[in-house]
Amino acid sequence: HRRFDYRPKTDPYCQARYTFCPTGSAIPVMKEEDVIEVYRLQAPVWEFKYGDLLGHLKIMHDAVGFKSSLTGKNYTMEWYELFQLGNCTFPHLRPGVDAPFWCNQGAACFYEGIDDAHWKENGTLVLVTTISGTMFNEMAKWVKYDNETGIYYETWTVQASPDKQSIVWFDAYECSKFILRTYQKLADLGAVFKKIQTNYTSIILFSGEPIYLGNETSIFGPEGNKTLAAAVRDFYYPFKPHRTVGEFFVDLLKIIDRVILNHQFYLFYNLEYWFLPMKFPYLKIIYEEVPLPIGSKTSFGV
């Protein structure tokens with residue numbers, strides 16, 4: 001997943017149904033001698049709206065919590081889409097604009113408090129390590145860098161087969177990957193993690209070797225490939241938001257025809273388009289263990 005030099009301004013066309021990070025605040029500077037508890041937080045996606053529904057499918061959202069021993073204050077940190085998941089996964093097809101239009105930025109959100117009920121009721125709230133104030137402050141600097149350079153959300157992991165040793169063509173870049181990066185940074189700073197099982201959700205597409213198609217300019221620009229441009233737009237059309245149930249089922253049949261019967265998928269990744277020759281089982285949602293990291297330094301005496 002490519003890193004960028006800066007975060008571009010979002011286009012006013014991109015509108016969120018739910019405000020991104022509504023109570024967000026700056027990350028505080030902790031006193032060096034503080035002892036801070038670090039919590040693994042996990043709950044079903046959209047739990048605030050659908051309760052445990054997506055939890056049954058193991059579609060989970062991840063975050064990390066902190067508790068300062070000196071102040072007693074709790075904090076939550078997470079990373080998610082600025083304009084909801086659908087906008088990150090599929091583009092808008094705007095009238096009069098050839099190129100699909102993406103509202104696919106993601107970002108970190110930090111705010112005071114941990115909503116115990118939200119994380120405990122259908123998910124996880126468990127202590128994973130303890131760090132010093134110095135380590136927390138170093139992590140905060142890294143979060144700023146990570147947030148300014150890793151700016152686009154990517155829903156899909158793409159790999160060659162369901163085998164454990166399978167080639168991974170493309171890695172997802174979503175909430176759980178941010179939490180895994182954060183844990184790794186803390187481990188590198190000296191945090192020692194508890195030995196507990198930690199599982200994360202991945203949404204995987206299965207494909208033969210991807211074929212590079214080009215970027216927005218080379219496909220949709222004045223010198224672009226009109227046939228390819230039409231094929232890409234045509235592929236994304238059935239994924240638009242639906243006004244009626246009937247409309248949804250008609251488009252669902254088109255999606256099944258393209259992806260499963262004709263083995264086609266167009267992926268937008270790092271601002272470039274790729275063709276995926278899809279393979280059985282086409283798509284799978286997995287909830288697999290990724291162990292907590294082992295650090296590369298000695299602990300700061302915590």
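Residues numbered from 1 in each chain as written. Predicted model: local features only at pLDDT ≥ 70, side-chain atom pairs only at ≥ 80, totals over all residues. Heavy atoms only, no water.

Q: Before we go on, may I ask you to explain the pattern of salt bridges in this structure?
A: Between side chains of opposite charge, a pair can form as their charged atoms come close. Following the criterion strictly, the structure yields ten salt bridges and no others. A salt bridge links Asp146 to Arg3, with the nearest nitrogen and oxygen atoms 2.6 Å apart. Placement of the pair is Asp146 in helix 4 (residues 133-149) and Arg3 in the segment before strand 1 (35-44), with a sequence separation of 143 residues. Judged by relative accessible area, which is 0%, Asp146 ranks as buried. (Salt bridge = Lys/Arg side-chain N within 4 Å of Asp/Glu carboxyl O. Helix = DSSP H or I, 4+ residues; strand = E, 2+ residues; numbered from the N terminus. Buried < 20%, exposed > 50% of the residue type's maximum accessible area, 1.4 Å probe, protein only.)

Q: When you look at the environment of Thr198 in this model, what are you seeing that I'm missing?
A: In this structure, Thr198 sits in the loop between helix 5 (175-189) and strand 8 (199-207). Along the sequence, Thr198 and Thr217 sit 19 residues apart, while their C-alpha atoms lie 42 Å from each other. When residues no more than four places from it in sequence are discounted, the contact partners of Thr198 are Arg40, Glu288, Glu289, Val290, Pro291 and Leu292. Within the structure, the side chain of Thr198 is placed 2.6 Å from the backbone oxygen of Val290, a separation counted as a polar contact. (Contact = heavy atoms within 4.5 Å. Polar contact = N/O pair within 3.5 Å; in protein donor to acceptor, adjacent residues only side chain to side chain.)

Q: I would appreciate a short explanation of the state of the cysteines in the present structure.
A: Scanning all chains against the criterion turns up two disulfides. Covalent S-S linkage joins Cys14 and Cys103, the inter-sulfur distance amounting to 2.1 Å. Across the disulfide from Cys14 to Cys103, rotation about the S-S bond amounts to roughly -85°, and the bridge is consequently left-handed. Of the two residues, Cys14 sits in the segment before strand 1 while Cys103 sits in the loop between helix 2 (84-89) and strand 4 (106-112), which places them 89 residues apart along the sequence. Judged by its relative accessible area of 8%, Cys14 is buried. Residue pairing for Cys21: its cysteine sulfur links by disulfide to Cys109, the two sulfurs lying 2.0 Å apart. Of note, the bridge from Cys21 to Cys109 carries an S-S torsion of about 80° and is right-handed in sense. A residue pair is termed long-range when its members are at least 10 positions apart, and Cys21 in the segment before strand 1 and Cys109 in strand 4 qualify at 88 residues. (Disulfide = S-S within 2.5 Å.)

Q: Would you mind going over the side chain of Gln105 with me for this structure?
A: In this structure, Gln105 sits in the loop between helix 2 and strand 4. A relative accessible area of 6% means that Gln105 is categorised as buried. Separated by 2.6 Å, the side chains of Gln105 and Arg7 make a polar contact.

Q: Explain a nonpolar patch on the surface to me, please; I cannot follow it from the model alone.
A: A surface patch of nonpolar side chains, amounting to about 740 Å² of accessible area, comprises Val245, Phe248, Phe249, Leu252, Leu253, Ile256, Ile260 and Leu261. Position of Val245 among the secondary structure elements: in helix 8 (residues 245-261). Val245 sits in the exposed class, given a relative accessible area of 59%. (Patch = residues over 30% accessible without salt bridge, like charges linked within 9 Å, V, L, I, M, F, W, Y side chains within 5 Å. Areas by Shrake-Rupley, 256 points an atom, 1.4 Å probe, with all protein chains shown as cover.)

Q: Help me understand the layout of surface pockets, please; the structure alone is not making it clear to me.
A: Looking at the second largest pocket, its volume works out to about 350 Å³. Lining the second largest pocket we find 20 residues, and of these Phe101, Trp102, Asn104, Tyr152 and Leu271 sit closest to its centre. In the lining of the second largest pocket, the residues fall into twelve nonpolar, five polar and three charged. (1 Å grid on protein atoms, 1.4 Å probe; cavity = no way out; pocket = protein on both sides within 12 Å on 5 of 7 lines; lining within 4 Å. Points joined across faces, edges and corners; volume = space filled by probe spheres on them. Nonpolar A, V, L, I, M, F, W, Y, C, P; charged D, E, K, R; others polar.)

Q: When you look at helix 4 in this model, what are you seeing that I'm missing?
A: Helical periodicity: at 3.6 residues per turn, an α-helix aligns residues three or four positions apart in one direction. When the terminal C-alpha atoms of helix 4 are compared, their 25 Å separation across 17 residues agrees well with the 24 Å that a helix rising 1.5 Å per residue should span. Residues of helix 4 that are buried: Gly133, Met135, Phe136, Asn137, Met139, Ala140, Trp142, Val143, Asp146, Asn147 and Thr149. Those residues of helix 4 hidden inside the fold are in contact with strand 1, strand 2 (60-68), strand 3 (74-81), strand 4, strand 5 (124-132) and helix 5. (Expected span 1.5 Å × (residues − 1).)

Purely geometric stuff here, so don't read any function into it on its own.
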